[in-house]
Amino acid sequence: LAARGGRATARVESLVPSSVAGIIALASGEVPPLASSLADFKAMPRDEGGVFEAVARAGGRCFVAGPSLWTELYGRWIAAAEVDPSFGRADERLIGATLRALESDAHRLIVLHLGRVDAVAHQYGTRSPEYRAAARWCDAAVGRIARAMGPDAALVVTSDHGNVDRGGHAGPEPSVLRTPLVMFGPGLPTGSRPAMPQRAVRSLLLSALGCHGDATAGVPAGARREGNGSWFPLPLASALLSGLSFWSGLRGAQTGRRHATVLNLTVWLLLALMVLGWFPAALAAGFAALAWAAFSVPGRISARLVAAGGLGTALGALRLVDGFVVLDRATPDGMIPTLIGVAVLACGLLPFSPPGGAGVGRALRAPPHRAVILGQWLGVVMGAAAAAALGRVRLMLAYLAAVVLGRALGRLLGSPPAGTPAGSAGAARCVAVGMLTAAAVVLLGRAAGETTSLSTVDVRAAFALVDGRFGLILAIVAVAAAQALPSIGLVLGLRSGVARLASDPATEFAAGLAAALVGQAAVGVLLLNAARDQTVAALALGLTARVGAETLYLFLGLAALILASGPAATPREWIRNRIEDDLR
Ligand SMILES: [Zn+2]
């Protein structure tokens with residue numbers, strides 16, 4: 001078909017390439033706003049119908065066979081559909097329905113969206129024999145459709161996005177952004193054509209359909225990152241909120257409680273404003289709340305924290321450079337990250353005794369902490385087992401390295417006497433360890449093969465779970481757990497070090513950690529808004545999302561650790577205290 005018709009490359013422009021973004025680009029000629037990629041499993045109806053509306057206006061009927069996204073988005077203008085709610089498992093049924101639709105000759109536009117190639121890529125990666133077989137099968141399917149077409153029918157073959165070797169497609173790799181475009185039949189160009197943006201395919205479709213009258217042009221490329229600033233307050237607010245609630249949980253201070261409450265409410269307010277699409281209002285509300293929180297507590301902003309934030313900024317920039325350098329490498333998890341993992345493990349072991357040994361035996365003999373210690377080691381074993389069950393040896397190594405490294409960092413915290421005045425050497429060391437913790441989680445995630453490109457989120461094992469009854473939820477939990485493992489390992493390792501701290505140094509530790517995270521998020525958000533280059537913007541988005549997730553995992557983990565290590569001796573007391581706190 002490519003040899004006898006026309007061929008080109010269609011370039012995906014979304015910062016988070018997905019099926020929903022591809023469908024909207026192809027049908028409506030628009031690069032949808034970022035938030036729409038969150039709707040990759042369930043989308044809201046659109047108020048314009050793109051090519052479907054043009055066909056319906058010209059008195060034609062449209063038929064779609066594919067995932068339910070098409071009918072969710074464009075159902076108003078689609079006369080008949082065969083929907084596949086699974087992930088590419090029902091492609092043969094879709095092809096059968098398409099062949100019948102062709103035979104009936106009742107439709108002016110027929111869309112067939114095959115999901116198998118993407119599903120197989122997610123589960124096995126694109127270097128697998130399974131992927132080759134799926135690609136061959138898809139090619140043969142296109143042949144079956146082409147042979148069933150009448151002489152006056154035109155065929156356009158393209159894709160919503162590509163996949164990286166490990167199967168993902170949420171980042172700016174060339175293999176994700178460059179999709180094939182083959183055109184065959186009356187009204188379509190022939191020969192080799194220059195590359196075009198994916199959203200330009202819509203006008204090709206319109207000309208083949210003979211629907212030139214439709215004037216609604218696609219959104220200009222310059223507007224494609226509108227509303228990105230909405231990502232800014234969330235990681236920032238969650239970092240500060242977590243840091244402050246951690247602090248208030250430790251010392252029970254009334255100021256901390258008030259701040260935590262206001263910032264918590266602010267996050268919900270921001271979410272509401274963002275859902276309404278009022279991005280500038282969300283941004284203003286976020287900044288106002290954060291400025292109040294930062295400046296209304298005397299003495300909270302110190303030179304040490306500014307330094308931690310600055311070093312966090314440098315760390316964020318390093319992560320972006322790293323993501324750029326290894327972009328679309330055949331194996332982003334090659335030798336270097338392995339060496340980093342081994343080096344981290346070695347650094348953790350060298351100056352300190354390994355976790356376990358006499359310390360655990362002693363701790364187990366101390367009754368109030370027995371359950372906590374047992375829980376901690378159960379966590380270590382279960383985390384490693386989870387990584388092994390996901391078939392991710394490198395992730396398992398990174399997780400165990402995280403436990404060792406966390407323990408080393410916990411020892412660095414030392415045990416300064418309670419009430420160490422702010423500004424002392426002990427406090428500075430706690431800020432530094434907080435900052436190092438933020439750096440360690442980056443290093444460990446990288447050792448597990450994850451970069452600032454969201455394509456490197458590894459869903460291969462999780463995708464095998466999708467088929468079951470609660471498949472999607474299970475798969476999401478599996479992906480989130482794999483993402484959280486390095487943070488969980490660090491927190492488990494840090495447990496004894498943090499639990500020993502008095503409230504002031506613990507506050508310094510949490511503040512140093514939060515400042516380093518906020519510094520990284522700031523780089524991501526600034527570049528996301530300023531970068532004109534799609535690759536840089538997509539990596540900056542990935543950095544921001546990753547820092548947000550790391551903040552969540554680290555601070556939730558630390559909060560759980562503090563609660564578990566608290567003075568309450570029995571679960572009943574612990575629950576009663578929590579309820580009393582919440583009521584107050
Ligand atoms: Zn996919």
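Residues numbered from 1 in each chain as written. Predicted model: local features only at pLDDT ≥ 70, side-chain atom pairs only at ≥ 80, totals over all residues. Heavy atoms only, no water.

Colleague: Which parts of the structure should I look at to understand the side chain of S14?
Modeller: In this fold, S14 is placed in the loop between β1 (6-11) and α1 (19-28). There is a polar contact of 3.1 Å between the side chain of S14 and the backbone nitrogen of V16. (Helix = DSSP H or I, 4+ residues; strand = E, 2+ residues; numbered from the N terminus. Polar contact = N/O pair within 3.5 Å; in protein donor to acceptor, adjacent residues only side chain to side chain.)

Colleague: Would you explain the coordination of the zinc ion in this entry?
Modeller: Each donor-metal-donor angle would ideally measure 109.5 degrees in four-coordinate tetrahedral geometry, or 90 or 180 degrees in six-coordinate octahedral geometry. Around the zinc ion, the protein contributes the donor atoms D118 (OD), D118 (OD), H122 (NE2) and H169 (NE2), at 2.1 to 2.6 Å from the metal centre. In this structure, the zinc ion is coordinated by four donor atoms arranged in irregular fashion, with angles at the metal of 53 to 144°. The sequence pattern formed by the donor residues of the zinc ion is D-x3-H-x46-H. Taken together, the positions of D118 in helix α5 (residues 116-124) and H169 in the loop between β5 (155-157) and α7 (174-177) put the pair 51 residues apart, joining distant regions of the chain. By relative accessible area, which is 10% here, H169 ends up buried. (Donors = N, O, S within 2.8 Å, 3.2 Å for Na, K, Ca; no water. Tetrahedral: all angles 85-135°; square planar, octahedral: opposite > 155°, others 65-115°. Buried < 20%, exposed > 50% of the residue type's maximum accessible area, 1.4 Å probe, protein only.)

Colleague: Before we go on, may I ask you to explain the packing of helix α4 (residues 91-104) against helix α6 (residues 129-148) in this structure?
Modeller: For any two helices packed against each other, the geometry comes down to the angle between their axes and how far apart the axes lie. The interhelical angle for the contact between α4 and α6, taken along N-to-C directions, is 15°, at an axis separation of 10 Å. With respect to each other, α4 and α6 are oriented roughly parallel. Here α4 runs over α6; the crossing is right-handed. Across from D91, E92, I95, T98, L99 and L102 in α4, the residues of α6 making contact are W137, A141, R144, I145 and A148. (Axes fitted to C-alpha atoms, helices over the stretch in contact; angles between N-to-C directions. Parallel < 35°, antiparallel > 145°, perpendicular 65-115°, else oblique. Left-handed = near helix turned anticlockwise from the far one by under 90°. Contact = heavy atoms within 4.5 Å.)

Colleague: I'm lost on the nonpolar core in this one. Help?
Modeller: Grouped together as the largest cluster of nonpolar side chains are 42 residues, with contacts concentrated most on L413, L490, V498, F509, L513, L517 and L558. At the level of elements, α12 (303-325), α16 (393-413), α17 (425-447), α19 (471-500), α20 (503-530) and α21 (534-564) are the ones that each hand at least two residues to this core. A per-element tally of this core places α20 first, with 11 residues. If you look at the next biggest cluster of nonpolar residues, it comprises 32 residues, including V20, I23, V51 and L204. (Core = buried A, V, L, I, M, F, W, Y, C linked by side-chain atoms within 4.5 Å.)

Colleague: Quick question: what am I supposed to make of the packing of aromatic side chains here?
Modeller: The geometry of an aromatic ring pair is captured by the separation of the ring centres together with the interplanar angle, meaning the angle of the planes. Counted according to the given criterion, the structure contains two aromatic pairs. Ring geometry for F52 versus Y74: centroids 5.2 Å apart, planes at 40°, classification tilted. With F52 in helix α2 (residues 50-57) and Y74 in helix α3 (residues 69-74), this pair connects stretches of sequence that are 22 residues apart. Its relative accessible area of 0% is what places F52 among the buried residues. Aromatic rings pair up to connect F52, W70 and Y74 into one cluster. Against the face of W137 rests R116, its NZ or CZ located 3.8 Å from the ring centre. (Phe/Tyr/Trp six-rings, centres within 6.5 Å; stacked < 30°, edge-to-face > 60°. Lys NZ or Arg CZ within 6 Å of the ring centre and 35° of its normal.)

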